[in-house]
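Examining the three-dimensional arrangement
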Amino acid sequence: MSGGPWGVQVARVAVAAVLPVELALVVCLVAGVRLPGWALAGAEALVLAALLLEACVLRSLYVAARARGADRRTARRAAIREAVPVKVRRLVLHELRAFASLGRWVRRGTHGVRPGDLAAAYTGPQTAMMYGLLFVLVIETMGLAFLIPWPAVHRVILVLDLYGVVLVLALHAACVTRPHVVHPDGSLRIRYGALFDLAVPPDAVASVRVDRRYPEGRLITLSDDGVLDLIVGSQTSVTLELNRPLPFTRPLGVMEEAHTIRFHADDPRVLVNALRQTA
């Protein structure tokens, strides 16, 4: 299989399809579900074929990049970028960063905050909700352990519940350890955990003010007139007016532009004053 356009397209479809199949197999096996031999063999054969196809295409792209003079690291990145769908790469990357944040949280460390920077937390409105969700997940796990009489089903639910507990902790840890950052040069880094990261240069800031709002919508909401709401716990507290549109990347890789950004900070006055002092 070559790394030509047809081979790359087939590999991209294969790797996007193989992830849910492999996850279903792992959950069934961990739960002790006995699949028919032909079903297990067929599913594993499909997964293996898809992975072999992906490996062949990646190797072909890697060799081609090396032939063009790229070093090993650059060639590996170029091959993965071309063969693996953006959404798959970003989902895996988000989860890896979130899980890495658990260790940083235990060490009370922060990401991307240097001496002289102002770190602005934003987790206040969602902390109680996160811990409440964790409590519900733990109670559900304990309750189902007594209520479900079938061992196979119990193991599946246990695996999913434990993963949910760790994932919720990891997402909250990512938000705690990745605060907004005001740099001494007046630049601003607006973040939400590992899902959103936007660098605002100082020359792009027209004005900034404390402006508490309670918008409706998802975490990242962009209006038709270019107003971006980064909503935490159903609220924002800072409005940043820009003198030119800035591009930003959604969690799954879609690029868009905003000329006004509304986001939340637990102490918005401190963040706003820091930005005004560096202007």
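Refer to the structure presented above.
Residues numbered from 1 in each chain as written. Predicted model: local features only at pLDDT ≥ 70, side-chain atom pairs only at ≥ 80, totals over all residues. Heavy atoms only, no water.

**Some details on the overall build of the chain**
Just so we agree on the cut-off: Helix and strand definitions follow DSSP, with helices as H or I runs of at least four residues and strands as E runs of at least two, each counted in order from the N terminus. By definition in these notes, contact holds between two residues if any of their heavy atoms fall within 4.5 Å.
Secondary structure summary: the chain contains seven helices and nine strands in total. Taking the intrachain contacts of the chain between residues at least 6 apart in sequence as the baseline, contacts between residues at least 24 apart amount to 70%.

**So, the packing of aromatic side chains**
Heads up, the rule is: Ring geometry is summarised as follows: Phe, Tyr and Trp rings, the Trp one being its six-membered ring, pair when their centres sit within 6.5 Å, and such pairs are stacked at plane angles under 30 degrees, edge-to-face over 60 and tilted between the two. Each residue gets one of three labels from its accessible area relative to the maximum for its type: buried under 20%, exposed over 50%, partly exposed in between, using a 1.4 Å probe on protein chains only.
Taken as a whole and judged by the stated rule, the model has two aromatic pairs. A centroid spacing of 6.1 Å and a plane angle of 55° characterise the contact between Phe 196 and Phe 248, whose relative ring orientation is tilted. With a gap of 52 residues between them, Phe 196 in strand S4 (residues 196-200) and Phe 248 in strand S8 (residues 236-249) connect regions that are remote in the sequence. Note on accessibility: Phe 196 and Phe 248 belong to one class, buried.

**Quick notes on the side chain of Arg 191**
Here is the rule: Working convention for charge: Lys and Arg count positive, Asp and Glu count negative, and His plus the chain ends are omitted. Throughout this description, the term salt bridge denotes a Lys or Arg side-chain nitrogen within 4 Å of a carboxyl oxygen of Asp or Glu. Under the rule applied, a polar contact is a pair of N or O atoms within 3.5 Å (in protein, one hydrogen donor and one hydrogen acceptor; residues adjacent in sequence only if both atoms are side-chain atoms).
Here Arg 191 lies in strand S3 (residues 188-192). Of the side chains bearing the opposite charge, Asp 197 lies closest to the buried Arg 191, which forms no salt bridge; the N-O distance is 4.5 Å. One polar contact links the side chain of Arg 191 to the main-chain carbonyl oxygen of Pro 179, over a distance of 2.8 Å. In this structure Arg 191 touches His 111, Gly 112, Val 113, Tyr 122, Arg 178, Pro 179, His 180, Val 181, Phe 196, Asp 197 and Leu 230, once residues within four positions along its chain are discounted.

**So, the pairing of S4**
Keep this limit in mind: Paired strands, as defined in this entry, are two strands with at least two bridges between them according to DSSP.
Residues of S4 alternate between two faces, with Phe 196, Leu 198 and Val 200 buried on one and Asp 197 and Ala 199 left unburied on the opposite face. As defined by bridge partners, S3 adjoins S4 across five bridges and the pair is classed as antiparallel. What sits directly across from Arg 189, in S4, is Ala 199.

**A word on the sheet that holds strand S1 (residues 118-120)**
How we decide: Interaxial angles span 0 to 180 degrees and are taken between N-to-C directions of axes, which are lines fitted to C-alpha atoms, for helices over the stretch in contact.
Spatial strand order, S1-S2-S3-S4: four strands in an open sheet with antiparallel pairing. For this open sheet the edge positions go to S1 and S4, each flanked by a neighbour on one side alone. Averaged over neighbouring strand pairs, the angle between their axes works out to 15° when direction is ignored.

**What about the sheet that holds strand S6 (residues 220-222)?**
The strand order S5-S8-S9-S7-S6 describes an open sheet built from five strands, whose pairing is mixed. The open sheet terminates on both sides in strands that have one partner only, identified here as strand S5 (205-213) and S6. Each neighbouring strand pair of the sheet contributes to a mean axis angle of 35°, computed without reference to strand direction. Relative to strand S9 (residues 255-263), strand S7 (residues 227-230) is paired through three bridges, and the arrangement is parallel. Each residue of the ladder has a partner; that of Val 227, found in S9, is Thr 260. Most of the contacts of helix H7 (residues 268-278) go to S5, to which it runs at about 170°, and overall it touches S5, S8 and S9.

Just distances and angles here, no functional claims.
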